[in-house]
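The chain contents come next:
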There are 2 protein chains.
Amino acid sequence: MDIEEFRRRGKEAVDIIADYYQSVDNHPPVASVNPGYLQKLIPREMPQTPDSYDDIIADMQSKISPGITHWQSGNFFAWFPGCSSYPSIIGEMFSSMYSVIGFNWLCSPAATELEVAVMDWLGKLLGLDNRFLSIDEHGRKNRGGGIIQGSASEALLLAMIAARERKIQEICSQDNISYHEAISKQYLFVAYVSDQTHSCAEKAANILGVQIRIIPSDNNFRLTKDALVAQISQDKRSYHYPFFVCGTFGTTNTTSIDDLPGLADVAEVEHMWLHIDAAYAGAALACPEFRELAQGIERAHSFDFNLNKWMLVNLDCSAMWIFDSKFLTKALSAGRNILYRDSLEKENPAVRNMHNWQIPFSRRFRALKIWFTLRVYGVVGIQTHIRNQVNMAQWLKTQLILDGRFEIVAPVVFGLVVFRLNEKAASAFGSIDLANSCLYQLIQQDGRVFIVSTMVNNRLALRAAIGSVFSTMENVKLLFDVITESATDAISSHIYN
Amino acid sequence: MDIEEFRRRGKEAVDIIADYYQSVDNHPPVASVNPGYLQKLIPREMPQTPDSYDDIIADMQSKISPGITHWQSGNFFAWFPGCSSYPSIIGEMFSSMYSVIGFNWLCSPAATELEVAVMDWLGKLLGLDNRFLSIDEHGRKNRGGGIIQGSASEALLLAMIAARERKIQEICSQDNISYHEAISKQYLFVAYVSDQTHSCAEKAANILGVQIRIIPSDNNFRLTKDALVAQISQDKRSYHYPFFVCGTFGTTNTTSIDDLPGLADVAEVEHMWLHIDAAYAGAALACPEFRELAQGIERAHSFDFNLNKWMLVNLDCSAMWIFDSKFLTKALSAGRNILYRDSLEKENPAVRNMHNWQIPFSRRFRALKIWFTLRVYGVVGIQTHIRNQVNMAQWLKTQLILDGRFEIVAPVVFGLVVFRLNEKAASAFGSIDLANSCLYQLIQQDGRVFIVSTMVNNRLALRAAIGSVFSTMENVKLLFDVITESATDAISSHIYN
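The shown structure was predicted, so the numbers you read here are calculated from the model rather than taken from an experiment. (Residues numbered from 1 in each chain as written. Chains lettered and ligands numbered in written order. Predicted model: local features only at pLDDT ≥ 70, side-chain atom pairs only at ≥ 80, totals over all residues. Heavy atoms only, no water.)

**With respect to unusual backbone geometry**
For step 1, the next point in the chain: A cis amide bond, omega -5°, links Leu-315 of chain A with the succeeding residue Asp-316 of chain A.
For step 2, the next point in the chain: Of note, Asp-316 of chain A is situated in the loop between helix H10 (307-310) and strand S7 (318-322).
For step 3, the next point in the chain: Its identity as a non-glycine residue notwithstanding, Trp-79 of chain A has a phi of 40°, on the positive side.
For step 4, the next point in the chain: The residue Trp-79 of chain A is located in the loop between helix H2 (53-64) and helix H3 (86-98) in this model.
For step 5, the next point in the chain: Backbone geometry at Phe-221 of chain B places phi at a positive 65°, although glycine is not the residue there.
For step 6, the next point in the chain: For Phe-221 of chain B, a relative accessible area of 4% gives the class buried. (Helix = DSSP H or I, 4+ residues; strand = E, 2+ residues; numbered from the N terminus. Buried < 20%, exposed > 50% of the residue type's maximum accessible area, 1.4 Å probe, protein only.)

This is the structure we're talking about:
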């Protein structure tokens, strides 16, 4: 493919993308292929000589597309949204254009400096405490700052690594022992999360080889101060070292919010690192009316949210802030780096060797898609997007309540509505779980919208997450229709069968 | 930005990209801005209301581009190439189009199934042992398979995690102790690498909290069996547990190749995991003439190479194969996964819950850009690309030798030429390092090409990596001219000053 063919094919690709978005709602949002469908359609070996490009495009349309679950459909309400947007797609294109590998400043000064800048933009957009920003109000370098990670899982893992480093250094100086001796106690280190925390916390603890306590959440699905204190007391009696606690701002299951000020109190007393996982709901902080819910975040050691969930930037794009980077960079920097010498950090906030702030060494120029998206939308555009989704979620909640057959099983604060058929509506089934399982199956069979089920308080619940930029009231009304029609079918089929 | 504006702006973006590639060689390959240059050019806060899109594009051209180090320039010979290509860029565009978040099969069956398929294509292209493939010759599921990771660093970390899990299970059953007891010995676990291994190995050991031995390489920059055995014996005498060794196929510094069959012998005897890091040179295995150098790889437990270095696919795209995934998935899967239920893996090789094979939870649809690139090039096209680069490296090596003033400090096997002014040419300087430091500075000042320096056997050396798809003989001739002209200037300035 020469440059003129690229010019032609690239523009054709833009048309294909635009056509896709124009018609994506016409497809069922979830793919309905059988496992192994693709293996039957494509050869077991790559072609010896070049395939025709027309064939590749035709294959994409006829073989790949049927196996796509359309996260960008307005009728996709499963999990959390995988939010994309046109400016983000264009930003990605320019990121591919430069294709720089930005492990240090010299690799492309613009890549590092734009990232530092847009992460400060984002921090201010969310109203984060100034100490999280890279550059303080006088233009000087702060102790930490923001960085783009690939995912909230990596951010949590990195926070845990920094937390361990901090605790090791503390033990070294308190007990006057060597680093090696201190790290030999690592298996006695304990991280604390709730049963509503994302499972990536356990993954992180497994990777480090530390212990983790999954503390039961309260009736509002929150990790509370009392429960945390009780567990820590027990662990300290058996000579364990509490070192890390994760508070969630908007859990995956119900978007509940942990008792963040309470966790911050305990973290302070116990010298633990407090990480806030706001993967989904962090985006809402762009709207000041949500910030009251986020009290305590200003006392955290690290904070993370995904732009690729609810802030219009496509995967991968997780925004992490860390109040003081020294523990993380100490833990991650290898002494020996002959070839890939670090650019001198000095006091210049614009120079940062990003590879010491993340798991991978190389990194893409992801700041570009954030920059495009934030500028094309502006603060007002981002806020409007968030508020629209929240209003639609409130509308859905109200309609479900008015219908009379449903109960809302968790407060609707952001874009997520968790609901089920209530006891009365389910009475013919004998079991409320059976009724809701039946309802869920009928909604999936209908196929016009896609939601997922979950367990809340050990009972089945259905979960509709509104958040795609392409979801309009029309889509949400369709969602409501499918839910209520399926409920009617479920109840009547059970009564008459 | 509505869909019609996206259509227009997207096509405009394709033209900007094509124009960029058409003229990239006209820019100095390395950015010459000062630290902090961008902070002075862009506002400290994001815009309240949308910025004009024309302004954004103008800012990109006038503010971002000057801070770009042009990895895609034909005159970029620094580090290793950050190889991109037109079909890869288009593949990325379609990946942005779908914007699926593929943590399990249902998230988009095509994303998982295409990845399984192209990783098998790639495995066969490289001539990897069948046991690395996902699907065996009878179409049945193998014990492991290939997966796309974000970077070779992550692949090495994952290999180390799997290796630790394997050793823990071994200790549990041998010593009849609990998992918890076994993991309390983790600080006595030892990983082995050479002083030429990428520093990400130390990063991985730091993350796990295990020990690592940096074994001196031999005169050919190789980790040898004898050196490894000697170090292990010493560690075992002090009750340590050898559990992991990394062999490199093509080190970053000189593209040396460790004694892989020797390492495989030791790994077998000591029950250690053998990981092969072929980040750069692995791509050469597409050409059968290089496979003799790779003996021993067939006995490894895991293998990784970066398509984004030398196989025409842009970052991020690291291809990892693992012969048996059970240790990795055991270590990484969290018990509690209410909401993001795994699709049933069963015996179907097409169904795989990718999040248990990697650090992040979410993942992009990266198989698409591999699929586009491999089909557009075909086996023959990939081989031609590799052989062209190798031939150009051989040409450069020969010219430098014929010049008479240079020595080649490491065998030129792939696309990398490591050289320095020889003793005779440097004689006027009194120190060969001083001479080469002067040469290096003049080449950087000249600015027409970009190479980096390194230390080989404790002496300064210069390092030219040929590998961009956009580097032609013309670019390599320019490289040679800049080197020789700078050498003349260095020597004459030193003689006459």
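Now, onward.
**Focus on the interface of chain B and chain A**
For step 1, the next point in the chain: Chain B puts 157 residues into the contact, and the matching count from chain A is 156 residues.
For step 2, the next point in the chain: On inspection of chain B and its partner chain A, the count reaches 10 salt bridges.
For step 3, the next point in the chain: For Asp-15 of chain B, the salt bridge identified is with Arg-7 of chain A, shortest N-O distance 2.8 Å.
For step 4, the next point in the chain: At the boundary of chain B with chain A, the tally comes to 70 residue pairs in polar contact (both at pLDDT 80 or more).
For step 5, the next point in the chain: For the side of chain B that touches chain A, the element with the highest residue contribution is helix H1 (residues 3-23) of chain B, accounting for 17 residues.
For step 6, the next point in the chain: Its residues assigned to classes, the side of chain B that touches chain A shows 84 nonpolar, 44 polar and 29 charged. (Contact = heavy atoms within 4.5 Å. Salt bridge = Lys/Arg side-chain N within 4 Å of Asp/Glu carboxyl O. Polar contact = N/O pair within 3.5 Å; in protein donor to acceptor, adjacent residues only side chain to side chain. Nonpolar A, V, L, I, M, F, W, Y, C, P; charged D, E, K, R; others polar.)

**As for the packing of H2 of chain A against helix H3 (residues 86-98) of chain B**
For step 1, the next point in the chain: H3 of chain B packs onto H2 of chain A with a crossing angle of 20° between their chain directions and a minimal axis gap of 13 Å. For the element pair H2 of chain A / H3 of chain B, the angle class is roughly parallel. Taken as a pair, H2 of chain A and H3 of chain B cross one another with a handedness that is right-handed. Residues Tyr-53, Ile-57, Met-60 and Ile-64 of chain A of H2 of chain A form the contact with H3 of chain B, whose participating residues are Ile-90, Phe-94, Met-97 and Tyr-98 of chain B. (Axes fitted to C-alpha atoms, helices over the stretch in contact; angles between N-to-C directions. Parallel < 35°, antiparallel > 145°, perpendicular 65-115°, else oblique. Left-handed = near helix turned anticlockwise from the far one by under 90°.)

**Observations concerning the pattern of salt bridges**
For step 1, the next point in the chain: Counting across every chain of the model gives 64 salt bridges over all chains.
For step 2, the next point in the chain: Between Arg-7 of chain A and Asp-19 of chain B there is a salt bridge whose closest N-O contact spans 2.8 Å. In this pair, Arg-7 of chain A is assigned in helix H1 (residues 3-23) and Asp-19 of chain B in helix H1, connecting two distinct chains.
For step 3, the next point in the chain: Residue classification places Arg-7 of chain A among the buried residues on the basis of a relative accessible area of 14%.
For step 4, the next point in the chain: Judged by relative accessible area, which is 38%, Asp-19 of chain B ranks as partly exposed.
For step 5, the next point in the chain: Note that Asp-136 of chain A and Arg-140 of chain A form a salt bridge whose closest N and O atoms lie 3.8 Å from each other.
For step 6, the next point in the chain: Accessibility expressed as a relative area gives 11% for Asp-136 of chain A, which makes it buried.
For step 7, the next point in the chain: Arg-140 of chain A gets classed as exposed once you look at its relative accessible area, which sits at 52%.

**With respect to the sheet that holds strand S11 (residues 459-465) of chain B**
Residue and element names in this part refer to chain B.
For step 1, the next point in the chain: The antiparallel open sheet is built from four strands, whose spatial order is S8-S9-S11-S10. Of all strands in the sheet, those bounded by a partner on one side alone are strand S8 (406-408) and strand S10 (452-456). Looking at each pair of strands side by side, their axes are set apart by 40° on average, direction ignored.
For step 2, the next point in the chain: As judged from the three bridges shared by S8 and strand S9 (residues 416-421), these two strands associate in the antiparallel manner. Following the sheet pairing, Phe-406 is matched in S9 by Leu-421. (Pairing = 2+ DSSP bridges.)

**What about the UniProt feature "modified residue: N6-(pyridoxal phosphate)lysine" (unreviewed entry) in chain A?**
Residues and elements named next belong to chain A.
For step 1, the next point in the chain: Here the UniProt feature "modified residue: N6-(pyridoxal phosphate)lysine" (unreviewed entry) sits at Lys-309.
For step 2, the next point in the chain: As for its placement among the helices and strands, Lys-309 is situated in helix H10.
For step 3, the next point in the chain: With residues up to four places along the chain from it excluded, the contact list for Lys-309 reads Phe-80, Pro-81, Cys-83, Ala-279 and Tyr-280. (UniProt positions renumbered as here; feature names shortened; annotations may be inferred.)

**Regarding the packing of aromatic side chains**
For step 1, the next point in the chain: Counted under the stated rule, the structure contains 66 aromatic pairs over all chains.
For step 2, the next point in the chain: Measuring from centroid to centroid gives 5.0 Å for Tyr-21 of chain B and Phe-470 of chain B, while their planes differ by 45°, and the two rings are tilted. Of this pair, Tyr-21 of chain B sits in helix H1 while Phe-470 of chain B sits in the loop between S11 and helix H14 (473-496), placing them 449 residues apart in sequence. Taken individually, Tyr-21 of chain B and Phe-470 of chain B each receive the classification buried, so the pair is uniform in this respect.
For step 3, the next point in the chain: Centre to centre, the rings of Phe-303 of chain B and Trp-321 of chain B are 6.0 Å apart; their planes meet at 40°, and the pair counts as tilted. Placement of the pair is Phe-303 of chain B in strand S6 (residues 302-306) and Trp-321 of chain B in strand S7 (residues 318-322), with a sequence separation of 18 residues. The pair Phe-303 of chain B / Trp-321 of chain B is uniform in exposure class, with both members buried.
For step 4, the next point in the chain: Cation over ring: Arg-352 of chain A sits above Trp-357 of chain A, and NZ or CZ is 3.9 Å from the ring centre. (Phe/Tyr/Trp six-rings, centres within 6.5 Å; stacked < 30°, edge-to-face > 60°. Lys NZ or Arg CZ within 6 Å of the ring centre and 35° of its normal.)

**So, the relation of the copies chain B and chain A**
For step 1, the next point in the chain: Once chain B has been moved 0.0 Å along the axis and rotated by 180°, it coincides with chain A to within an RMSD of 0.0 Å. Those values place the two copies in the arrangement expected of a two-fold rotation axis.
For step 2, the next point in the chain: When the interface residues of chain B are mapped onto chain A, 99% of them again fall at the interface, so both copies present the same face. (Least-squares fit on C-alpha atoms with pLDDT ≥ 70 in both.)

**Observations concerning the packing of helix H8 (residues 225-237) of chain A against helix H9 (residues 260-270) of chain A**
All names here are of chain A.
For step 1, the next point in the chain: Where H8 meets H9, the closest approach of the two axes is 9 Å, and the angle between their N-to-C directions is 25°. Taken together, the axis directions place H8 and H9 in an arrangement best described as roughly parallel. The two elements H8 and H9 cross, and the hand of that crossing is right-handed. Residues Lys-225, Leu-228, Val-229, Ile-232 and Lys-236 of H8 form the contact with H9, whose participating residues are Gly-262, Leu-263, Asp-265, Val-266 and Glu-270.
For step 2, the next point in the chain: Among the residues making up the contact of H8 with H9, the classes are represented as five nonpolar, one polar and four charged.

**Let's talk about the pairing of strand S9 (residues 416-421) of chain A**
Residue and element names in this part refer to chain A.
For step 1, the next point in the chain: Burial runs high along S9: six of the six residues are buried.
For step 2, the next point in the chain: In this structure, S9 lies alongside strand S11 (residues 459-465), joined through four bridges in antiparallel fashion. Within S11, the residue paired with Leu-416 across the bridge is Ala-465.

**Considering the nonpolar core**
For step 1, the next point in the chain: In this structure, Ile-64, Phe-94, Leu-122 and Phe-305 of chain A together with Phe-94, Leu-122 and Phe-305 of chain B are the most contacted members of the largest nonpolar core, which totals 304 residues.
For step 2, the next point in the chain: Taken domain by domain, the makeup of this core includes at least three residues from each of domain 1 (20-83 + 385-497) and domain 2 (101-364) of chain B.
For step 3, the next point in the chain: Not counting residues within four places of it along the chain, the set of residues in contact with Phe-305 of chain B comprises Leu-122, Leu-126, Ala-278, Ala-279, Gly-282, Ala-283, Met-311, Cys-317, Ser-318, Ala-319 and Trp-321 of chain B.
For step 4, the next point in the chain: By size, the runner-up hydrophobic cluster in this structure holds 83 residues, among which are Leu-157 and Met-160 of chain A together with Ile-183 and Ile-207 of chain B. (Core = buried A, V, L, I, M, F, W, Y, C linked by side-chain atoms within 4.5 Å. Domains from an automatic or database assignment.)

**A few points about the side chain of Ser-84 of chain A**
For step 1, the next point in the chain: You can see Ser-84 of chain A is positioned in the loop between H2 and H3.
For step 2, the next point in the chain: Looking at Ser-84 of chain A, its side chain comes within polar contact range of the side chain of Ser-99 of chain B, at 3.5 Å.
For step 3, the next point in the chain: In this view, Ser-84 of chain A contacts Tyr-21, Gln-72, Ile-89, Leu-312, Asn-314, Val-469 and Phe-470 of chain A together with Ser-96 and Ser-99 of chain B; residues no more than four positions away in its chain are not counted.

**Side note on the sheet that holds strand S1 (residues 145-149) of chain B**
Residue and element names in this part refer to chain B.
For step 1, the next point in the chain: Read from one edge of the open sheet, seven strands run S1-S7-S6-S5-S4-S2-S3, paired in mixed fashion. Since the sheet does not close on itself, it has two edges, and those belong to S1 and strand S3 (211-215), each with one partner. Going across the sheet, the axis of each strand differs from the next one's by a mean of 20°, ignoring polarity.
For step 2, the next point in the chain: Running over the sheet, helix H4 (residues 109-125) touches S1, S6 and S7 and is turned about 85° from S7.

**Things to note about helix H2 (residues 53-64) of chain B**
For step 1, the next point in the chain: Buried residues of H2 of chain B: Tyr-53, Ile-56, Ile-57, Asp-59, Met-60 and Ile-64 of chain B, and no others. An end-on view of H2 of chain B places all buried positions within 160° of arc, on one side of the element.
For step 2, the next point in the chain: In the core, the buried residues of H2 of chain B are packed alongside H3, helix H4 (109-125) and helix H12 (367-403) of chain A together with H1 of chain B.
For step 3, the next point in the chain: Where H2 of chain B begins, the capping side chain belongs to Ser-52 of chain B, and its oxygen is found 3.3 Å from the backbone nitrogen of Asp-54 of chain B. (Arc of directions from axis to C-beta.)

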